[in-house]
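Analysis of the macromolecular model
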Amino acid sequence: MNNIHTLGELKKAGYESKSIKDELRANLREKIKSGIKTFEGVYGFENTVIPELERAILSRHNINLLGLRGQAKTRLARKMIELLDEYIPYVSGSEINDDPLKPISRFAKEIIAAKGDDTPISWLHRSDRFYEKLATPDVTVADLIGDVDPIKAANLKLSYADDRVIHFGMIPRANRCIFVINELPDLQARIQVALFNILQEGDIQIRGFKIRMPLDMQFVFTANPEDYTNRGSIVTPLKDRIGSQILTHYPETIKIARTITEQEAKLDVLQSDLVYVPSLAKDLLEQISFEARESEFIDHKSGVSARLSITAFENLLSTAERRALKSGEDKTTLRLSDFMGIIPSITGKVELVYEGEQEGAALVAQHLIGDAIHTFFPAYFPKIEKLEKQGEKNPYTDIVEWFFAESGFELLDDCSDEEYQKILGSIVPLEVLIKKYQPEIKKEDTFFMKEFILWGLVEYKKLSKDRFSEGYQFKDIYGSFINKL
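Residues numbered from 1 in each chain as written. Predicted model: local features only at pLDDT ≥ 70, side-chain atom pairs only at ≥ 80, totals over all residues. Heavy atoms only, no water.

Further remarks concern the sheet that holds strand S4 (residues 130-134). Taken together, the 5 strands give an open sheet; going across it, the order is S4-S7-S10-S1-S11, and neighbouring strands pair in parallel fashion. The open sheet is flanked by S4 and strand S11 (244-247), the only strands paired with a single partner. In this sheet, adjacent strand axes meet at a mean angle of 20° when their direction is disregarded. Direction of pairing for strand S7 (residues 178-182) relative to strand S10 (residues 218-223): parallel, over a ladder of 4 bridges. Looking at the pairing, Phe179 lines up with Phe219 of S10. Contacting strand S1 (63-66) and S11, helix H3 (residues 49-58) runs over the sheet at an angle of about 170° to S11. (Pairing = 2+ DSSP bridges. Helix = DSSP H or I, 4+ residues; strand = E, 2+ residues; numbered from the N terminus. Axes fitted to C-alpha atoms, helices over the stretch in contact; angles between N-to-C directions. Contact = heavy atoms within 4.5 Å.)

Here we come to helix H14 (residues 279-292). Over its 14 residues, H14 extends 21 Å from the first C-alpha to the last, a length consistent with the 20 Å expected when each residue adds 1.5 Å. Burial analysis of H14 places 11 of its 14 residues in the buried class, the great majority of the element. At its buried positions, H14 is contacted by helix H12 (254-264), helix H15 (307-327), helix H16 (343-347), helix H18 (361-380) and helix H22 (446-459). (Expected span 1.5 Å × (residues − 1). Buried < 20%, exposed > 50% of the residue type's maximum accessible area, 1.4 Å probe, protein only.)

All right, on to the nonpolar core then. Counting residues in each nonpolar core, the largest one holds 67 residues, and the members touching the most others are Leu284, Phe339, Phe409 and Phe452. In this structure, Phe339 is in contact with Ala281, Leu284, Leu285, Ile288, Leu316, Leu334, Ile369 and Phe448, ignoring residues within four places of it in sequence. Among the nonpolar cores identified, the runner-up in size contains 44 residues, and Ala108, Val139, Leu187 and Ile234 belong to it. (Core = buried A, V, L, I, M, F, W, Y, C linked by side-chain atoms within 4.5 Å.)

Reported here for the largest pocket is a volume of approximately 590 Å³. Every residue lining the largest pocket is counted, 28 residues in all, and those nearest its centre are Gly70, Gln71, Ala72, Arg75 and Arg307. For the lining of the largest pocket, the secondary structure elements donating two or more residues are helix H4 (73-79), H12 and H15. Counting residues per element, the lining of the largest pocket draws most heavily on H4, which supplies 4 residues. Taken together, the residues of the lining of the largest pocket sort by class into 9 nonpolar, 9 polar and 10 charged. (1 Å grid on protein atoms, 1.4 Å probe; cavity = no way out; pocket = protein on both sides within 12 Å on 5 of 7 lines; lining within 4 Å. Points joined across faces, edges and corners; volume = space filled by probe spheres on them. Nonpolar A, V, L, I, M, F, W, Y, C, P; charged D, E, K, R; others polar.)

Attention now moves to the sheet that holds strand S14 (residues 409-412). The 3 strands lie next to each other as S14-S16-S15, forming an open sheet whose pairing is antiparallel. Edge positions in the sheet fall to S14 and strand S15 (463-468), since each of these pairs with one other strand and no more. On average, each strand axis in the sheet is tilted by 25° relative to the strand beside it, whichever way the strands run. Looking at chain direction, S15 and strand S16 (residues 471-476) are connected through 6 bridges and run antiparallel. By the bridge assignment for S16, Leu463 is matched with Asp476. Along the sheet face, H22 touches S14, S15 and S16 and points at about 105° away from the line of S15.

Burial of the side chains of S1 extends over both faces: Ile63 and Leu65 are buried on one face and Asn64 and Leu66 on the other. Of the pairings in the sheet, the one linking S1 to S10 comprises 4 bridges and is parallel in character. What sits directly across from Ile63, in S10, is Val220. The pairing of S1 with S11 spans 4 bridges and is classified as parallel.

This part covers the pattern of salt bridges. Throughout the structure, instances matching the rule amount to 22 salt bridges. The residue Glu264 makes a salt bridge to Arg75 at a minimum N-O spacing of 2.5 Å. Of this pair, Glu264 sits in helix H12 while Arg75 is found in helix H4, placing the two residues 189 residues apart along the sequence. A salt bridge links Glu262 to Arg258; the shortest N-O distance between them is 3.6 Å. In this pair, Glu262 and Arg258 are both assigned in helix H12, 4 residues apart and thus about one turn of the helix distant. Residue class for Arg258 comes out buried when judged on its relative accessible area of 18%. Among the charged side chains, a network of salt bridges with common partners joins Arg258, Glu262, Lys282 and Asp283. (Salt bridge = Lys/Arg side-chain N within 4 Å of Asp/Glu carboxyl O.)

Taken as a whole, this structure holds 12 aromatic pairs when the rule is applied. When the centroid spacing of 5.7 Å and the interplanar angle of 35° are considered together, the rings of Phe403 and Phe409 count as tilted. Of the two residues examined, Phe403 and Phe409, each falls in the buried class. Each residue in the set Phe377, Tyr380, Phe381, Tyr396, Phe452 and Tyr460 is aromatic and connected to the rest through ring pairs, giving one cluster. Between the NZ or CZ atom of Arg467 and the centre of the ring of Tyr472, over which it lies, the distance is 4.7 Å. (Phe/Tyr/Trp six-rings, centres within 6.5 Å; stacked < 30°, edge-to-face > 60°. Lys NZ or Arg CZ within 6 Å of the ring centre and 35° of its normal.)

Here the focus is the packing of helix H20 (residues 417-425) against H22. Put simply, H20 and H22 touch, their axes get as near as 10 Å, and they point 55° apart. Here H22 runs oblique to H20, going by the angle between their axes. With respect to the hand of their crossing, H20 and H22 are arranged in left-handed fashion. For the pair H20 and H22, contact is made by Tyr420, Gln421, Leu424 and Gly425 and by Phe447, Phe448, Lys450, Glu451 and Leu454, respectively. (Parallel < 35°, antiparallel > 145°, perpendicular 65-115°, else oblique. Left-handed = near helix turned anticlockwise from the far one by under 90°.)

What follows is the structure, encoded as structure tokens:
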């Protein structure tokens with residue numbers, strides 16, 4: 001098809017025009033029939049969002065993706081270009097990608113009337129058929145639909161009554177394309193009203209010109225739930241003209257969340273080679289986001305973006321990388337204490353309620369890390385009961401007694417791996433506990449697991465942990481109290 005350069009050649013080739021919605025529908029049908037996965041690279045929506053999105057495309061609907069921030073709404077919209085034909089023809093020089101067989105602009109109609117089958121055509125790749133606009137309060141009708149251009153009128157010596165003085169906005173220029181408006185509720189109501197006719201009747205009105213232009217477009221809107229923000233909402237008549245409203249959601253399992261994070265995190269090869277990350281560390285990192293979505297300190301209406309885990313993972317590896325570089329080591333294993341390096345990634349990603357503001361963002365972030373450890377601990381080791389019989393031995397008695405006898409130890413943030421392993425290796429009851437309850441653990445995960453036990457015992461009030469400028473001090477909780485007396 002790319003060798004076809006005139007309208008006559010296009011007709012001889014038997015090209016048939018079809019609307020973008022029919023194009024998307026036809027290509028989706030072929031993919032479904034062939035068993036080809038649609039929306040590759042979007043995880044967690046296989047049985048929820050994607051089937052609904054496919055039904056909307058098969059129904060030729062304009063779509064509104066409704067969900068909290070960081071739920072892959074824009075990614076889904078961008079993935080729709082994979083359902084377009086690789087190339088489509090358009091009249092060369094057309095501002096609005098006129099279909100050579102069904103022209104709608106004055107420019108295209110006049111050139112076809114003048115040149116007939118010799119009308120030059122060009123080819124538009126599907127990657128160029130995606131337009132995106134972030135809705136902000138300063139967006140105008142002129143930006144989206146168009147306005148009268150006085151400079152064009154002067155240069156062409158035309159009257160303002162001549163429709164050739166119109167400068168088209170983004171929407172007409174996106175004819176035969178996917179057009180995405182992100183954060184639709186933030187668009188002023190009068191601008192939303194300007195979309196009514198385009199969605200329903202296909203005509204546009206610019207400065208008194210009523211131009212019948214049956215624009216061929218696939219609209220995709222994204223929005224947060226209406227009660228998420230006071231900045232605005234979707235006006236009811238516009239919502240009524242959107243065919244399908246699809247609710248998105250956050251990952252429902254740690255496994256899915258891990259897959260997303262590993263796909264999206266921007267890691268340097270040197271980082272990946274330098275830092276070994278235990279599987280438990282990856283799970284803990286994802287659990288922090290799950291804890292944040294349930295936390296009493298965080299505004300649930302605002303949501304907790306998947307970007308929290310992604311940026312936190314990047315920060316986590318950078319923390320370990322910095323430590324290894326300072327120690328002059330070629331290889332290192334991630335430590336649980338490295339998780340303190342992700343606090344800046346958390347504080348900027350959550351909206352705190354009043355109680356959270358009182359606590360402070362950094363302290364809330366530390367609570368979330370502790371909550372994730374608290375949640376995961378019983379999955380690896382025996383549950384710690386709140387009430388225990390006095391004098392009765394439990395799986396953790398030997399560890400607690402070791403701390404009482406040794407008065408605890410200090411774990412510095414930047415200590416070398418050799419020193420780190422020596423300190424944890426000196427606590428013999430940790431090794432015994434791991435051999436009994438996690439006998440199949442990988443050798444390289446052992447020291448992270450030892451530290452995990454200590455942090456877990458702190459969360460369950462069996463040990464105490466104090467932060468000082470260069471690291472942490474772990475002590476027996478009751479021995480510390482006795483010493484103070």
